[in-house]
Amino acid sequence: MRILIANDDGYLAPGLAALVRACEGLGDIDVIAPEQNASGTSNSLTLNRPLSAYTSANGFHYLNGTPSDCVHVALTGLFDRRPDLVLSGINQGANMGDDTLYSGTVAAAMEGFLFGIPAIAFSQVDKGWEHLDAAAKVARQVIEQVLAYPPSRRPFLLNVNIPNRVDAADLPMHVTRLGRRHASEPVIRQQNPRGETMYWIGPAGDARVAGEGTDFHATANGRVSITPLQIDLTDHVAVPDWQSWLAAPTTP
Ligand code: MN
């Protein structure tokens, strides 16, 4: 059993060490993570410069690139072994609803999934690392369940969000669908010392679609949320409509 562990908060993040500890005894573990915090980098790959990999004192590898770079490089040459499972996290902060499109945590797991390897992304709902040990226990439970009862759909990509609670390991787990968020808050303008205007991307909007069955609803009601993800962005329901639209006569 070989496990590849990555994250997007960087190789020094407490959540990464917690996830590695959670996997103790499960097999051979390789860790590769970004040199710096790369949250919100989605599935980006660095194509305009070479990447360098280093090894830290504790054996974790780190790369001056994105989360997707880390897993990509690990799977295509850095390590001469293919993992059976790719894990990402534990992230500082939720990755639910539309967040998943921006998330580097989900992207690192997704990179493994794209290579045909089962993958799981773990996130704590609130920032601050509170009750990280409890979140690690939840991660261990999910991983053990996957190993004991291998899912029939392979590969799979799971997105797990864990409430920051001391009793997180005792919470029920629910399989959910992604909710939706309102559009992001407005950009934040500031003046830099040269009198030029700077822009900070505003915070994510509040949950908009958060009813029963969604990830937002589950975590808000004291449950661990497990959302199976897929990659196909095609609007399959709309394809016939667009075919009709294309066949319509054009006006001169
Ligand atoms: Mn992050």
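Quick caveat, the model's predicted, so the values are computed rather than measured.

Here is what the cut-offs are and how they apply
- Residues numbered from 1 in each chain as written.
- Predicted model: local features only at pLDDT ≥ 70, side-chain atom pairs only at ≥ 80, totals over all residues.
- Heavy atoms only, no water.
- 1 Å grid on protein atoms, 1.4 Å probe; cavity = no way out; pocket = protein on both sides within 12 Å on 5 of 7 lines; lining within 4 Å.
- Points joined across faces, edges and corners; volume = space filled by probe spheres on them.
- Helix = DSSP H or I, 4+ residues; strand = E, 2+ residues; numbered from the N terminus.
- Nonpolar A, V, L, I, M, F, W, Y, C, P; charged D, E, K, R; others polar.
- Phe/Tyr/Trp six-rings, centres within 6.5 Å; stacked < 30°, edge-to-face > 60°.
- Buried < 20%, exposed > 50% of the residue type's maximum accessible area, 1.4 Å probe, protein only.
- Axes fitted to C-alpha atoms, helices over the stretch in contact; angles between N-to-C directions.
- Parallel < 35°, antiparallel > 145°, perpendicular 65-115°, else oblique.
- Left-handed = near helix turned anticlockwise from the far one by under 90°.
- Contact = heavy atoms within 4.5 Å.
- Pairing = 2+ DSSP bridges.

Thoughts on the layout of surface pockets
Here comes step 1: What the largest pocket holds in volume is close to 760 Å³.
Here comes step 2: Taken together, 29 residues form the lining of the largest pocket, with Ala 94, Asp 99, Tyr 102, Arg 181 and Ala 204 sitting closest to its centre.
Here comes step 3: Within the residue set of the lining of the largest pocket, elements represented by two or more residues are strand 5 (85-92), helix 3 (99-102) and helix 4 (104-114).
Here comes step 4: Of the residues that constitute the lining of the largest pocket, the class distribution is eight nonpolar, 14 polar and seven charged.
Here comes step 5: Taken as a whole, the second largest pocket holds about 460 Å³ of empty space.

Re the packing of aromatic side chains
Here comes step 1: Summed over the entire model, instances satisfying the criterion amount to three aromatic pairs.
Here comes step 2: Pairing Tyr 11 with Tyr 62 gives two aromatic rings, centres 3.9 Å apart and planes at 10°, and the pair type is stacked. Highlighted residues: Tyr 11 in the loop between strand 1 (2-6) and helix 1 (14-22) and Tyr 62 in strand 4 (residues 61-63), separated in sequence by 51 residues.
Here comes step 3: Note on Tyr 11: relative accessible area 17%, which makes it buried.
Here comes step 4: Site record: aromatic cluster; members linked through ring pairs are Tyr 11, Tyr 54 and Tyr 62.

Some points on the packing of helix 1 against helix 5 (residues 132-148)
Here comes step 1: It is at 9 Å that the axes of helix 1 and helix 5 come closest, and there the two elements cross at 45°. Classified by the angle between their axes, helix 1 and helix 5 sit oblique to one another. Note on packing geometry: the crossing formed by helix 1 with helix 5 is right-handed. Here helix 1 contributes Pro 14, Gly 15, Ala 18, Leu 19, Arg 21 and Ala 22 to the contact with helix 5, which in turn contributes Leu 132, Asp 133, Ala 136, Ala 139 and Arg 140.
Here comes step 2: Considered class by class, the residues forming the contact of helix 1 with helix 5 number seven nonpolar, one polar and three charged.

Quick notes on the pairing of strand 11 (residues 197-200)
Here comes step 1: Here strand 10 (residues 188-191) runs beside strand 11; their pairing, made up of four bridges, is antiparallel. Across the sheet, Ile 188 pairs through a bridge with Trp 200, a residue of strand 11.
Here comes step 2: Counting the residues between successive antiparallel strands, the hairpin from strand 10 to strand 11 contains five residues, one of them, Gly 195, with a positive phi of roughly 80°.

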